[in-house]
Amino acid sequence: MPTPSSLNEAIALADRMAANPADAVSMADTLVSVIERLPPPASGLLSRPAFNRASLWSLGVSFENVLPNGEAPPEVILCQHDVWIRGVSICVIPLVALAAESNLADLTARLRLFRDACATQGTNNRGLVEANWRVDSRQGFISEGQSEIIAPGTLIAGDGFWSAPLDWRLQKDQTIEVRLRSRMNQFFPLSLGTNVTDAERVLRWVTVVFWAEELRQPSVR
Amino acid sequence: MSRDLWQALAREAANDPSRAPGIAKYLSDMMRAAEASGGQLPAGYVYEGAYQFVIQAENLAPEVLSTPGDIRAPITRSIQPFIPLRVPFDMLIMGFGGWAQPEAIPQDQTDLTLNELGAVYLLGCAQSNRDLFSVELGLDGQVSFGTNGRDELMFPAACVVGARDKPRAAAWTVRRNQIIRARFRNITNVWLDGLDAAILQPVHLSTAAIALYALNLEAP
């Protein structure tokens, strides 16, 4: 195990590099090594709040016209590089199609229903779907302990404004398989009878996006 | 916050000897500030995105919605051109935020009603209307950062960027004269797919924008 370095050591090295361009060139790799070996801050986990996590790539999948019954065909993300997955977000756009005789007041009431439901379903309508994911067909990342489950989007994914934090390192050519199921039969229960049609339970567009950092280089040239 | 940022900057110094002395000075200042604060998050300009760049599209109309599998107009693409932003100096982009303004169009050249306006303002369930537009980011005309590993894809901004209150964190160093580009698509018609235009006219976005919060790496 490499010997931990100290903040004083890193500062002294950086000062020397700043004062002498020749040292800046010759010691740059040493500085990288020293910083990598710094011990974690004394405050531990709380010193690395979520905003600290950096990401660049949006690796995602798209599902259209998801029916309320059954599971949508799984979609697969292929990692083109070694990546560090830092977070995941879901966005759900329901279909607010109305019957032919509807009017603006009906549309407004329907839109208000979804807006008000954010308090219970979560932002981005995440609660209207359940999802899980597998890496290279390996299960268990969303689990009830013994077997894989498919869980509500409100619990397992963020909304972009904040991201459900992940910390996966995946290699090139590994895959993430995303499975998705609609919860519209729970949101619009069948007890509504003819007040809501099956067409109105369709989810027009659902996206599941993983935030990723490319591991080969921390910046893009 | 410190270690990820310091590591990114130290690697930049190792990869570009011409910038190594300047980056080393920057790192020294940041590490001193961290040491002085006892390892807690220090306050001060070095941790704030002092520069804010905005890439903005205006008057975005909805695009044709096709059926799934119709490759002519997939929902994950756009006919809109990319909007470029030329990077004015070497900088570290620390976060991305997004926002859009929907625009209600009145029926039949009459005055817009408050009910029509109200319906438009009820569209969407994401902060800052980020689920009313999709966005794609790229660099230098060669890279698009939205993908499933095989194809370039546009995703709703509600999955790609944060908001000003809480930007999507980044540690993205870009150099002077590189071109960051963004493309936007109005997806309000995805919400309103199948709706009779007699009830509500198609919703335009008078503005769709993303902001990049950055530090000038060339500053002493």
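Look above for the structure.
Here we summarise the structure given alongside this text. Since the structure is predicted, the reported quantities are computational estimates derived from the model, not experimental observations.

Cut-off values and rules
Residues numbered from 1 in each chain as written. Chains lettered and ligands numbered in written order. Predicted model: local features only at pLDDT ≥ 70, side-chain atom pairs only at ≥ 80, totals over all residues. Heavy atoms only, no water. Contact = heavy atoms within 4.5 Å. Buried area = accessible area lost by both parts, 1.4 Å probe. Salt bridge = Lys/Arg side-chain N within 4 Å of Asp/Glu carboxyl O. Polar contact = N/O pair within 3.5 Å; in protein donor to acceptor, adjacent residues only side chain to side chain. Helix = DSSP H or I, 4+ residues; strand = E, 2+ residues; numbered from the N terminus. Nonpolar A, V, L, I, M, F, W, Y, C, P; charged D, E, K, R; others polar. Pairing = 2+ DSSP bridges. 1 Å grid on protein atoms, 1.4 Å probe; cavity = no way out; pocket = protein on both sides within 12 Å on 5 of 7 lines; lining within 4 Å. Points joined across faces, edges and corners; volume = space filled by probe spheres on them. Buried < 20%, exposed > 50% of the residue type's maximum accessible area, 1.4 Å probe, protein only.

So, on to the interface of chain A and chain B. Taken together, the 82 residues of chain A in the interface contact 81 residues of chain B. Across the chain A/chain B interface, buried area totals approximately 7000 Å², and carbon plus sulfur atoms make up 63% of it. At the junction of chain A with chain B, the criterion picks out three salt bridges. Between chain A and chain B we count 22 residue pairs in polar contact (both at pLDDT 80 or more) in total. Of all the secondary structure elements, the ones that give two or more residues to the side of chain A that touches chain B are α1 (7-19), α2 (21-26), α3 (28-36), β1 (57-66), β2 (71-78), β3 (83-94), α4 (104-116) and β8 (203-214) of chain A. For the side of chain A that touches chain B, the residue count by class is 50 nonpolar, 20 polar and 12 charged. Bridge analysis of β1 of chain A against strand β6 (residues 146-147) of chain B gives two bridges, and the strand direction is parallel. Each bridged residue has a counterpart across the sheet, and for L59 of chain A the counterpart in β6 of chain B is T147 of chain B.

Our next topic: empty space enclosed by the protein. Scanning all chains against the criterion turns up three cavities of 30 Å³ or more. Quantified by volume, the second largest cavity comes out at close to 90 Å³. Looking at the second largest cavity, it is lined by 13 residues, and the ones nearest its centre are L56 and S58 of chain A together with L137, F145 and V160 of chain B. Of the residues assigned to the lining of the second largest cavity, the class counts are eight nonpolar, three polar and two charged.

A complete count under the given rule lists 24 salt bridges over all chains for this structure. The salt bridge partner of R32 of chain B is D15 of chain A, with a shortest N-O separation of 2.5 Å. Of the two residues, R32 of chain B is situated in helix α2 (residues 20-36) and D15 of chain A in helix α1; the pairing between them involves two chains. Put simply, R19 of chain B and D90 of chain B hold a salt bridge, and the shortest N to O gap is 3.2 Å. In this pair, R19 of chain B is assigned in the loop between α1 (2-15) and α2 and D90 of chain B in the loop between β2 (83-86) and β3 (91-103), connecting sequence segments 71 residues apart. The two residues R19 of chain B and D90 of chain B agree in class, both being buried. Sharing partners across several salt bridges, the network here consists of E71, E130, R134, E148, E177, R179, R181 and R183 of chain A.

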